[in-house]
Amino acid sequence: MRDTRMKHFTISFKPDGRQISIHSGATLMEAAGQAGIILNTFCGGKGTCKKCLIKLEPGGKEVLACQYHIQSDLTVIIPEESRYFEQKILEHGIKTEIEAVGIYEKYRGEAFAGKIFGLAVDIGTTTVVVKLINMTDGQCLATEAALNPQSRYGDDVISRIAYAQNDEKLSELQKVIIDCVNELTAKLCKKNSVDVNHIYEMCVVGNTTMGHIFLKLPVTQLGQAPYKAFSLEAHDVPAGQLHLEINPAGNVHTVENIAGFVGSDTIAVALAVDINSTEETTLVVDIGTNGELVLGTKDKLYAASCAAGPALEGARITCGSRATEGAVEAVVVNEDDIDLDVIGNCPARSICGSGLVDAVAVMLDLGIIDLTGRFVEPAKLKGKVSPAIFSRIREQHGEPAFVLAEKDDAGTVFLRQKDIRETQLAKAAIRAGIKLLQKRIGLEDDDIARILLAGAFGNYIRKESALRIGLLPNVSVEKIHFVGNAAASGAHMALVSQRCRAKARELAGKIEYIEIAHEPEFQDFFADSILF
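Since the model is a prediction, treat every value here as computed from it, not as a measurement.

**Notes on the overall build of the protein chain**
Then step 1. Each helix and strand in the protein chain was counted, giving 15 helices and 23 strands.
Then step 2. For 532 residues, the compact-globule estimate of 2.2 N^0.38 gives 24 Å, and the protein chain sits close to it at 23 Å.
Then step 3. Seen through its C-alpha atoms, the protein chain measures out along the principal axes to roughly 75 × 60 × 45 Å.
Then step 4. In the protein chain, which comprises 532 residues, the proportion classed as buried is 60%.
Then step 5. Sequence separation of 24 or more characterises 65% of the internal contacts of the protein chain that already satisfy a separation of 6 or more.
Then step 6. Approximately 20900 Å² of the protein chain is accessible, and the part contributed by carbon and sulfur atoms is 49%.
Then step 7. On the protein chain, the mean spot of the 56 positive side-chain charges and the mean spot of the 69 negative ones are 2 Å from each other.

Right under this line is the structure:
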C-alpha cells in the first residue's frame, strides 16, 4: 500500500508557536484551523472581505489565508485583527470593562504585587478545557485540556445520571471532575510560573448535567421526564467549598443554564458569537456528545439539544480517538488514491472526529458506501475505482471495512460497517434537531444566512465534508463559519466581564428551549436524516 502521507508541508504559526503538517493544496485557512487558530471568515472564504490577511516570512508578504494554497513549508505571522475571538473580546470592551466594572478589583487588596489570575473552564461530556487568564487585562496566557475522567462511568450524560443515583456516587463523580480541573490548573501554573494562590476567580460552563455534578446538585430528575434541572440559575460559590486548588478566598462563578439538556455552555457559545445582536437568521451548532443548537435572530432565539453520542469526538469508533498525536484528522482524494493528514506528522494510529467526517464523505464520493450507509459489494466496485482504492476494501472483525492506513509499527486504521452506522446515528440526531427547529420557525435551508460551527473540533472539519454526509442544512459553503471552542471563549468573557455576565443572564431568559424528543415528527425526521 502506498504512503498516504506524501506531499505534506510544515506550517509554523507566529506568535502562537504552533506547528502542523498538512497536505499540498490545502489553504492557510485550513492549516490555521488544524492548529486551533480561528481566523475571520466574514465572506465565507470567498476572499472578498479581506479580513483574514496574514504575513509570510521572510519578507512579510501579505496574503489572504482563505485563498493561499500551500505548496511548500511556510512560516506565517497572524495579526490580532485577523483573529476571530481576539476581535470579539475587544469589541466587547473587556479591557475597559475590567477597569470600569472591576470583577478583579475586589481582590486587589489581597493580591501580591498586583498578580491576579482567573480560570475559564469548559466541562464537556468528553473533554475538559481550562484557560489561564490574566484578570487585569483579560488576556489568555495558556490553555490545557484533557479527557473528562467521568467517561469511565459512561460516555454520555444519561450513563452518568444513572450512576449518580445517590449522594455517595454523586460525590464520587464530583470529586473526579474537581480533581481533573485541579490537575489542569496545576499544569497551567507550572508552565507559566503562576502561584495558585494568585488565582482568585473561576468561571465554569458545561451542559446542565456536567454543571450539576460539578456543584453536586441532584441529577436524578434530569434522567426522568420532564427532564427538569434542579437549578437554572447562575451560582457563586467559595473555591474552598468545592475543594478547588486556587486561592481559598476566590470565587467560582457558574453561568446560567437554559433547560435540562441545554446548559451554560450553550449560553457561553451564544455570548461568544454575539448572537443577541445578529439581524440575519443564524444557526449555531455546537458539535459534541450532546449537540446543542441555537437558531434565530436577536428578536427571537430557539435552542434544542441532540443526543448525538460521542462518535463525532472519536468514541464508539473502532479505531477512533480524540484529536491526539497519530490521529487522522483529514482525508482527501489524491490522484488515484487517498491522502491523510495525521496529527504530529507521524504514522497513523487512530482517527478523530474531523477525520471521520472526511473519511465518510470520501467513501460516499468513491461509491464505497451507498446512501443507506451500507458497504457496496467489492465485485460491483471492480473497475469503477482505482486499484489503490480497491486494495483498501477489506474485512475487519467480520465486517466490510475501508483501510485508511496500514503500518507495521502503528497498526491498521480502518472504518468498518459498525463505524459508519455510529456516524449515521450521530449526524442524524443533529440534523433532525435542526430540521425541527427550522419547522418551528418556518425556515427552509435557503433562509439560513449563517451557520456557525462550534465545538471541540468544530474548526477542524471541512465544510464540504459536513455537507456531504448530511450533517448540516443544504446551504452554500460560504454560509458556514468555524468558531472553534466558543464555549471556552464565552467562559473567558464571563470570567473577566460583569457586563458579559449580565448578557449571559439576559440570553438565558430570552432563548426558548424546544424539547425535540417530545415533538411528534422527531422520529420521522431522524429516520430521514439517517440516509446520506
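Still more to cover.
**Observations concerning the confidence of the model for the protein chain**
Then step 1. Confidence in the prediction of the protein chain, expressed as mean pLDDT, is 89, and 92% of residues score 70 or more.
Then step 2. Below pLDDT 50 for its whole length, residues 1–5 participates in 21 contacts with residues either more than four positions away or in separate chains.
Then step 3. In the predicted structure, residues 87–100 sits below a pLDDT of 50 and forms 35 contacts with residues beyond four places in sequence or in another chain.

**What to know about helix H5 (residues 167–192)**
Then step 1. Taking 1.5 Å as the rise per residue, H5 with 26 residues should run 38 Å; its terminal C-alpha atoms sit 37 Å apart, in good agreement.
Then step 2. Among the residues of H5, the N-terminal cap falls to Asn166, whose side-chain oxygen and the backbone nitrogen of Glu168 are separated by 3.1 Å.

**With respect to the packing of aromatic side chains**
Then step 1. All chains considered together, the criterion is met by 3 aromatic pairs.
Then step 2. The ring of Tyr302 has Lys300 lying over it, and the distance from NZ or CZ to the ring centre is 5.4 Å.

**A look at the side chain of Ser82**
Then step 1. Relative to the elements of secondary structure, Ser82 occurs in the loop between strand S5 (74–77) and helix H2 (84–91).
Then step 2. According to the relative accessible area criterion, Ser82 is buried, its value standing at 2%.
Then step 3. If sequence neighbours within four positions are ignored, Ser82 has contacts with Ile38, Leu39, Asn40, Lys51, Cys52 and Leu53.

**Quick word on the environment of Thr125**
Then step 1. Tracing the backbone shows Thr125 in the loop between strand S6 (117–123) and strand S7 (127–134).
Then step 2. For Thr125, a relative accessible area of 4% corresponds to the buried category.
Then step 3. When the C-alpha atoms of Thr125 and Gly288 are compared, they prove to be 8.0 Å apart, with 163 residues separating the residues in sequence.
Then step 4. For Thr125, the contacting residues outside a window of four places in its chain are Asn148, Ser151, Asp155, Asp156, Val157, Arg160, Asn207, Met210, Thr289 and Asn290.
Then step 5. There is a polar contact of 2.9 Å between the side chain of Thr125 and the side chain of Asn207.

**Here we look at the sheet that holds strand S4 (residues 61–64)**
Then step 1. Reading across the sheet, the 5 strands line up as S2-S1-S5-S3-S4 and stay open at both edges, with mixed pairing between neighbours. The open sheet terminates on both sides in strands that have one partner only, identified here as strand S2 (18–23) and S4. Strand-to-strand twist in this sheet, taken as the mean axis angle between neighbours without regard to direction, amounts to 35 degrees.

**Focus: the nonpolar core**
Then step 1. Ranked by size, the top nonpolar core spans 73 residues in total, and within it Val285 and Ile430 carry the most contacts.
Then step 2. Sorting elements by how many residues they give to this core places helix H11 (residues 417–441) first, with 9 residues.
Then step 3. Ignoring sequence-local partners within four residues, the contact set of Val285 consists of Glu292, Leu293, Ile430, Ile434, Ile451, Leu452, Leu453, Ala454 and Leu472.

**A few points about the environment of Ala229**
Then step 1. Position of Ala229 among the secondary structure elements: in the loop between helix H6 (208–215) and strand S10 (235–238).
Then step 2. Taking the C-alpha atoms as reference, Ala229 lies 4.7 Å from Gly260; in sequence the two are 31 residues apart.
Then step 3. Discounting chain neighbours no more than four positions away, the residues touching Ala229 are Thr208, His212, Gln221, Leu222 and Gly260.

**Structural notes on unusual backbone geometry**
Then step 1. Cis geometry marks the peptide bond from Glu57 to Pro58; its omega dihedral reads -5 degrees.
Then step 2. If you trace the backbone, Pro58 turns up in the loop between strand S3 (53–57) and S4.
Then step 3. Residue Pro226 is bonded to the preceding Ala225 through a cis peptide linkage, with omega at 10 degrees.
Then step 4. Position of Pro226 relative to the elements: it lies in the loop between H6 and S10.
Then step 5. The phi dihedral of Ser193 falls on the positive side, at around 55 degrees, and the residue is not glycine.
Then step 6. Inspection of the secondary structure puts Ser193 in the loop between H5 and strand S9 (199–206).

**Describing the pairing of S9**
Then step 1. In terms of burial, S9 is largely enclosed, as 8 of its 8 residues are buried.
Then step 2. Summarising the sheet, S6 and S9 pair through 7 bridges and their orientation is parallel. Bridging from a neighbouring strand, Gly118 pairs with Glu201 of S9.
Then step 3. Alignment of S9 against strand S11 (residues 251–254), held across 4 bridges, turns out to be parallel. Paired with Glu201 across the strands is Asn251, a residue of S11.

**A closer look at the sheet that holds strand S13 (residues 291–296)**
Then step 1. Within the open sheet, the 6 strands sit side by side as S22-S21-S12-S13-S14-S23. Their pairing is mixed. For this open sheet the edge positions go to strand S22 (480–484) and strand S23 (512–513), each flanked by a neighbour on one side alone.
Then step 2. Of the pairings in the sheet, the one linking strand S12 (residues 282–287) to strand S21 (residues 450–455) comprises 6 bridges and is parallel in character. Among the inter-strand pairings, Val285 is bridged to a residue of S21, identified as Leu453.

**Observations regarding the side chain of Arg416**
Then step 1. Examined against the element boundaries, Arg416 turns out to sit in strand S20 (residues 411–416).
Then step 2. At 2.8 Å, the side chain of Arg416 forms a polar contact with the side chain of Thr318.
Then step 3. Residues contacting Arg416, with those up to four places away along its chain left out, are Thr318, Phe375, Gln396, His397, Glu399, Pro400 and Ala401.

**Section: the pattern of salt bridges**
Then step 1. Applying the stated rule across the entire model yields 21 salt bridges.
Then step 2. In this structure, Asp445 and Arg431 form a salt bridge, with 3.5 Å as the shortest nitrogen-oxygen distance. Of this pair, Asp445 sits in the loop between H11 and S21 while Arg431 sits in helix H11, placing them 14 residues apart in sequence. The same class applies to Asp445 and to Arg431, which are both buried.
Then step 3. In this structure, Lys439 and Glu521 form a salt bridge, with 1.8 Å as the shortest nitrogen-oxygen distance. Here Lys439 is found in helix H11, whereas its partner Glu521 is found in the loop between S23 and helix H15 (522–530), with 82 residues between them in sequence.
Then step 4. Of the residues examined, Lys439 reaches a relative accessible area of 49% and is grouped as partly exposed.

The rules behind these values
- Residues numbered from 1 in each chain as written.
- Predicted model: local features only at pLDDT ≥ 70, side-chain atom pairs only at ≥ 80, totals over all residues.
- Heavy atoms only, no water.
- Helix = DSSP H or I, 4+ residues; strand = E, 2+ residues; numbered from the N terminus.
- Rg over C-alpha atoms; globule rule 2.2 N^0.38 Å.
- Buried < 20%, exposed > 50% of the residue type's maximum accessible area, 1.4 Å probe, protein only.
- Contact = heavy atoms within 4.5 Å.
- Areas by Shrake-Rupley, 256 points an atom, 1.4 Å probe, with all protein chains shown as cover.
- Lys, Arg positive; Asp, Glu negative; His and termini not counted.
- Charge placed at Lys NZ, Arg CZ, Asp CG, Glu CD.
- pLDDT = per-residue confidence, 0-100.
- Expected span 1.5 Å × (residues − 1).
- Polar contact = N/O pair within 3.5 Å; in protein donor to acceptor, adjacent residues only side chain to side chain.
- Phe/Tyr/Trp six-rings, centres within 6.5 Å; stacked < 30°, edge-to-face > 60°.
- Lys NZ or Arg CZ within 6 Å of the ring centre and 35° of its normal.
- Pairing = 2+ DSSP bridges.
- Axes fitted to C-alpha atoms, helices over the stretch in contact; angles between N-to-C directions.
- Core = buried A, V, L, I, M, F, W, Y, C linked by side-chain atoms within 4.5 Å.
- Salt bridge = Lys/Arg side-chain N within 4 Å of Asp/Glu carboxyl O.

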